Amino acid sequence: MARDDPPKSGIRDAILWHLTYTLGKDPDHAQLFDWRLALSHAVRDRIVDRWMESARATRRAGARRVYYLSMEFLIGRLLQDNIVNLQLADETQAAVDSFGLDYRALLLDEPDAALGNGGLGRLAACFMESLATIGCPAHGYGIRYEHGLFRQSFAAGRQVEAPEDWLVQPFVWQFERPEARFTLGFGGHVATHQGKPVWEPESFVQSEAFDVPVIGWPGNWANTLRLWAGRAVDPFDLSRFNAGDFTAAAEAEALARTISRVLYPQDSTEKGKRLRLTQEYFFSAASIRDILRRFEGEHGDLRLLPRKVAIQLNDTHPAIAGPELLRILHDERGLPFDEALDITRACVNYTNHTLLPEALESWGEGLFSDLLPRHLQIIERIDAADARAHPDRRGGARDQGRVRMGELAFMLSNRVNGVSALHTGLMKTTVFADRHRLHPDRIVNQTNGVTPRRWLLGCNPRLSRLICETIGRGWIADLEQLQRLEPHVADDGWLGRFAAAKAANKADLCDWTLREHGVALAPDAIFDVQIKRIHEYKRQHLNILEAIALWQAMRDDPGAGWPTRVKIFAGKAAPGYVLAKQIIRLINDVAAVVNADPATNERLQILYLPNYNVTLAERLIPAADLSEQISTAGKEASGTGNMKFALNGAPTIGTLDGANVEIRERVGAENFFLFGLTAEEAEARRLVPDHAGRAIAADPRLARAIEAIRSGSFSPDEPDRYGDIVANLTGADYFLVCSDFADYWRAQRQVDRAYADRDGWARMAARNLARSGWFSSDRAIRGYMQDIWGAQSLLGRE
Ligand code: Z2T
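Residues numbered from 1 in each chain as written. Predicted model: local features only at pLDDT ≥ 70, side-chain atom pairs only at ≥ 80, totals over all residues. Heavy atoms only, no water.

If you check an unreviewed UniProt entry, the protein chain appears there as Alpha-1,4 glucan phosphorylase from Paracoccus thiocyanatus. Taken directly from UniProt, the Subcellular location (unreviewed entry) text for the protein chain runs: "Cytoplasm". We quote the UniProt Sequence similarities (unreviewed entry) comment for the protein chain here in full: "Belongs to the glycogen phosphorylase family." (UniProt positions renumbered as here; feature names shortened; annotations may be inferred.)

Okay, structure coming up:
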């Protein structure tokens, strides 16, 4: 093998070459880890040419670029995704086999990049992949957290958090860009020079860029995900070192690195912490500078900015990018304020992901002016302009000593979007009702989607093979083609193969739970799966209450012909969310009792898998029979797990919430197990005095299940362990668990009956697959390109 010639043709030679010359390992002594890195380098090489060609094509076309700003990119493992999108799967597997290695094990050796909490971060990752598949010139901007979302384990049923450490291993997919640094100011005050305000920051931090190429299917286009890390301007103070103060000498660097040290683990809540605002400004300001640097290098006249730049704010976390852009245009480039405001608004758009009041960001003005004094002044001026334009407006961006980021983002955006039809409608009537009245065209809907490359082709090879054998490969980039499966659903031979794929996926999962967790699952059972962050509004406690009631009913009437069910849970609770953590413990406590009961454990099993992440989702979803999407109507903005299950042939049991509504419309009401109050009914029910008490009084099953928890059936050593949960359920029950219980029970029994007819169930599952094509993130991204960004594909003239 030639040292100067990294092979481009065969992946097998390329792996050996990198093992030798990049990693310095003798193949005879290489570990799985070394092989995985060598393979990753070989795959990376095959992305780079496309990547550079995509950048060149974008410059040549002078095309409008999309900038997706997000605090979170929950990208997970990248090796398999890249192999799949480059269409290298077969060749790579053969090469890895020839070395006597296990291909799956090699892929799984990569740590999950958990740079996100849940849906919002995973959506950003799916969107990056779809942007590349479509060939839309785009950059993602985020933070290169040294520690991603914490690792979760259980100790006696309770969640224990441990730091996540993905960067301890070399991250092969990144390219460090030490030259692309920006110096960012914090704090200080606003001085006046020649009658003009000038921000004089007190301290400075540098942003260092790390670029991750994102290759689309089938390998024709690649965009960049640029992640920022904090660095000190002067990393080392020699005079302090010489004076003997060794720790202080490196203090500046330690402080600067703190900014990108750790991902905040809150999903849908805001804590108003200073470091969080620092993170938000840090990555927003670095990204804005990068965007302007690129624009000014290619164009020049700042008035052209809106024609060349579309900025998307993924929730309000990067909303400070608006005032930052305005500040640079006005303070530094000298444009009149109103013109700078118009340009900013023509570039910026905002996606809202929640209506939960506790998740809407607001910052105390004290903290804000402490950190960003000039930005606060600019926000005051934006607010004043808005008040002048709309004398009848109700509230502004500043309210009772706080800066409200939702209002600010709305004012500075050309388009504001919700993430499902229901959610967008509620935005117009609730949080943004007044804004919507003033700007009736600003709010638009873009229902979420998921990438079929990762969430079907990559994670479910058996089903993908069947689909390809049936309708070819067009569906991979045009998911609506799944409709062509529909005629085959009536064909018993085909249906048998469809059911066999699901059965084999379930058998794989059984092998894995036995190997990794020592749990033997019944492979014939209904695999009933609820996997997502733990939150009261997502109502994992409704699910476990139903499990308790089911267990009690089985004990009462063992001969009633109960189908076998395995209830699988997974998900993390925010470390400070006490009630969510109690729900985790309750599920684990119930599981211990129920699984140990010889009277029922042939028929009912409960399993809570620790450390839910992207990889675990990729394992569980292909093996699921039933998708639990049971949030209180009006509370889940969209959901995206719901789409992944449907796409993998698992019907939903769910409420009319978020995108469930649209899933049901598309897969058909007869292939969806609907229950529960509507969003409107839920609002009305909350006004009924003692609605929980009434529901409990009306339903002996519910009363008995709650009583079992209350009396300590699942915590005999500490009977009042779940006093808070019980008090919550029997008291205010804001999330209407009790009110929805009876209908949930009814829908679950409907599932039991439907599952008993195995062919009928398979047909229902297959129709979920065939009718889920619309939920591709390709469709969602095309919607953003058309309705929001005015961006075009540069691949083969779409
Ligand atoms: C998040 O994952 C979501 C909303 C948030 O609001 C924050 C986070 Cl970290 C600030 C989720 C929604 O809960 C979910 O319904 C939606 O599908 C997802 O964002 C993507 O839009």
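Here the narrative resumes.
Student: Describe in detail the overall build of the protein chain, supporting the description with residues and values.
Tutor: Counting its regular elements, the protein chain contains 33 helices and 24 strands. Computed over C-alpha atoms, the radius of gyration of the protein chain comes to 27 Å, within 12% of the 28 Å expected from 2.2 N^0.38 for 798 residues, which places it in the range of a compact globule. Expressed as a percentage of its 798 residues, the buried residues of the protein chain come to 61%. Sequence separation of at least 24 residues holds for 76% of the intrachain contacts in the protein chain that already meet a minimum separation of 6. (Helix = DSSP H or I, 4+ residues; strand = E, 2+ residues; numbered from the N terminus. Rg over C-alpha atoms; globule rule 2.2 N^0.38 Å. Buried < 20%, exposed > 50% of the residue type's maximum accessible area, 1.4 Å probe, protein only. Contact = heavy atoms within 4.5 Å.)

Student: Mind laying out the UniProt feature "modified residue: N6-(pyridoxal phosphate)lysine" (unreviewed entry) in the protein chain, listing which residues take part and the relevant values?
Tutor: Under the local residue numbering, the UniProt record ascribes the feature "modified residue: N6-(pyridoxal phosphate)lysine" (unreviewed entry) to Lys644. You can call Lys644 buried: its relative accessible area is 7%. If we skip the residues at most four places from it in the chain, Lys644 touches Arg122, Val450, Trp455 and Ile621.

Student: Tell me about the pattern of salt bridges, residues and numbers included.
Tutor: Note on pairing: side chains with opposite charge can pair once their charged atoms come close. Applying the stated criterion across every chain yields a total of 62 salt bridges. In this structure, Glu208 engages Arg231 in a salt bridge whose closest nitrogen and oxygen atoms are separated by 2.9 Å. Here the residue Glu208 occupies a position in strand E10 (residues 203–215), and Arg231 occupies one in strand E11 (residues 222–231), the gap between them amounting to 23 residues. A residue is classified by how much of its surface remains accessible, and Glu208, at 1% relative accessible area, is buried. Given a relative accessible area of 11%, Arg231 falls into the buried group. Residue Glu628 pairs with Lys567 through a salt bridge whose shortest N-O separation is 3.8 Å. Taken together, the residues Glu628 in strand E22 (residues 626–629) and Lys567 in strand E20 (residues 565–570) connect sequence positions 61 residues apart. Salt bridges sharing common partners tie together Asp528, Glu546, Arg565, Lys567, Glu628, Arg749 and Asp752. (Salt bridge = Lys/Arg side-chain N within 4 Å of Asp/Glu carboxyl O.)

Student: Explain the packing of helix H22 (residues 540–556) against helix H23 (residues 578–595) to me, using residue names and the numbers behind them.
Tutor: The interhelical angle for the contact between H22 and H23, taken along N-to-C directions, is 20 degrees, at an axis separation of 10 Å. Considering their axes alone, H22 and H23 lie roughly parallel with respect to each other. Note on packing geometry: the crossing formed by H22 with H23 is left-handed. Contacts between H22 and H23 involve Gln540, His541, Ile544, Ile548 and Trp551 from the former and Ile583, Leu586, Ile587, Val590, Val593 and Val594 from the latter. When grouped by side-chain class, the residues that make up the contact of H22 with H23 number nine nonpolar, two polar and no charged. (Axes fitted to C-alpha atoms, helices over the stretch in contact; angles between N-to-C directions. Parallel < 35°, antiparallel > 145°, perpendicular 65-115°, else oblique. Left-handed = near helix turned anticlockwise from the far one by under 90°. Nonpolar A, V, L, I, M, F, W, Y, C, P; charged D, E, K, R; others polar.)

Student: Break down the sheet that holds strand E23 (residues 652–654) for me, citing the residues and quoting the values.
Tutor: Pairing between the strands of a sheet comes from backbone hydrogen bonds, and it takes one of two forms, parallel or antiparallel. Strand order in this open sheet of six strands is E21-E20-E19-E22-E23-E24, and the pairing throughout is parallel. Unpaired on one side and paired on the other, strand E21 (604–609) and strand E24 (673–674) mark the two borders of the sheet. For strand E19 (residues 526–531) and E20, the ladder comprises six bridges, and the chain directions are parallel. What sits directly across from Gln530, in E20, is Phe569. Packed on one face of the sheet, H22 meets E19, E20, E21 and E22 and runs near 155 degrees to E20. (Pairing = 2+ DSSP bridges.)

Student: Please give an account of the pairing of strand E5 (residues 151–155) that cites residues and values.
Tutor: Bridge analysis of E5 against strand E6 (residues 158–162) gives five bridges, and the strand direction is antiparallel. For Gln152, the partnering residue across the bridge sits in E6 and is Glu161. Linking two consecutive strands that pair antiparallel, namely E5 and E6, is a turn of two residues; a positive phi of about 50 degrees is found at Ala156 within it.

Student: Run through the sheet that holds strand E13 (residues 348–351), naming residues and quoting values.
Tutor: In space, the nine strands of this open sheet follow the order E7-E10-E11-E4-E1-E12-E13-E17-E18, with mixed pairing throughout. Among the strands making up the open sheet, the edge pair consists of strand E7 (175–186) and strand E18 (443–445). Across this sheet, the average inter-strand angle for adjacent strands is 25 degrees, counted without regard to direction. Across five bridges, strand E1 (residues 65–69) lies against strand E12 (residues 309–314) in parallel orientation.

Student: Now, about the site of the ligand: what can you tell me, with residues and values included?
Tutor: Leu120, His353, Asn448, Glu636 and Gly639 are the nearest of the 17 residues found near the ligand. Taking Gly119, its main chain carries an N or O atom lying 3.3 Å from an oxygen atom of the ligand. Between Tyr537 and the ligand, the recorded distance is 3.2 Å, taken from a side-chain N or O atom to an oxygen atom. Here the ligand loses 96% of its free accessible area of 480 Å² to cover by the protein chains. In terms of domain composition, the shell around the ligand takes at least three residues from each of domain 2 (62–77 + 117–448 + 782–789) and domain 3 (452–774). (Near = heavy atom within 4 Å. Polar contact = N/O pair within 3.5 Å; in protein donor to acceptor, adjacent residues only side chain to side chain. Areas by Shrake-Rupley, 256 points an atom, 1.4 Å probe, with all protein chains shown as cover. Domains from an automatic or database assignment.)

Student: Any chance you could break down the side chain of Thr92 for me, citing the residues and the numbers?
Tutor: As for its placement among the helices and strands, Thr92 is situated in helix H4 (residues 89–98). Contact partners of Thr92, with chain neighbours within four places excluded, come to Ile11, Leu39, Ile83 and Tyr103.

Student: Pulling in residues and values, what's your account of the environment of Asp743?
Tutor: By secondary structure assignment, the location of Asp743 is in helix H31 (residues 737–756). On the basis of relative accessibility, which here comes to 27%, the residue Asp743 falls in the partly exposed class. Along the sequence, Asp743 and Arg177 sit 566 residues apart, while their C-alpha atoms lie 56 Å from each other. The contact partners of Asp743, leaving out residues within four places of it in the chain, are Phe675 and Gly676.

Student: Quick rundown of the pairing of strand E4 (residues 138–143)? Include the residues and the values.
Tutor: On a regular strand, each side chain points to the face opposite its neighbour's, so the side chains alternate between the two faces of the sheet. Of all six residues making up E4, six are buried, and the element is well covered by its neighbours. Burial of the side chains of E4 extends over both faces: Ala138, Gly140 and Gly142 are buried on one face and His139, Tyr141 and Ile143 on the other. Pairing analysis gives four bridges linking E1 to E4, with the strands arranged parallel. Residue pairing for E4: Val66 is matched across the bridge by Ala138.

Student: With reference to specific residues and values, describe the packing of aromatic side chains.
Tutor: Here the structure, examined in full by the defined rule, presents 24 aromatic pairs. Ring geometry for Tyr141 against Trp228: centres 6.0 Å apart, planes inclined by 10 degrees, an arrangement best described as stacked. In this pair, Tyr141 sits in strand E4 while Trp228 sits in strand E11, placing the two residues 87 residues apart along the sequence. Ring centres of Phe241 and Phe246 lie 5.0 Å apart, and the angle between their planes is 55 degrees; this geometry places the pair in the tilted category. Overall, the relative accessible area of 52% leaves Phe246 in the exposed class. (Phe/Tyr/Trp six-rings, centres within 6.5 Å; stacked < 30°, edge-to-face > 60°.)

Student: Outline the side chain of Asn505, supporting the account with residue identities and numerical values.
Tutor: Residue placement: Asn505 occurs in helix H21 (residues 492–517). The class for Asn505 is buried, based on a relative accessible area of 8%. Apart from the residues within four sequence positions on either side, Asn505 is in contact with Asn460, Arg462, Pro622 and Ala623.

Student: For H31, give the residues involved together with the corresponding values.
Tutor: In this model, H31 (20 residues) spans 28 Å end to end at C-alpha, consistent with the 28 Å of a helix rising 1.5 Å per residue. At Asp743, H31 shows its maximal bend, which comes to roughly 30 degrees. (Expected span 1.5 Å × (residues − 1). Bend = angle between axes of the 7 residues up to and from the residue.)

Student: I'd like to hear about the environment of Gln377, residue by residue, with values.
Tutor: Among the structural elements, Gln377 can be located in helix H15 (residues 373–389). A relative accessible area of 31% places Gln377 in the partly exposed class. When the C-alpha positions of Gln377 and Val431 are compared, they lie 25 Å apart, and in sequence the two are 54 residues distant.

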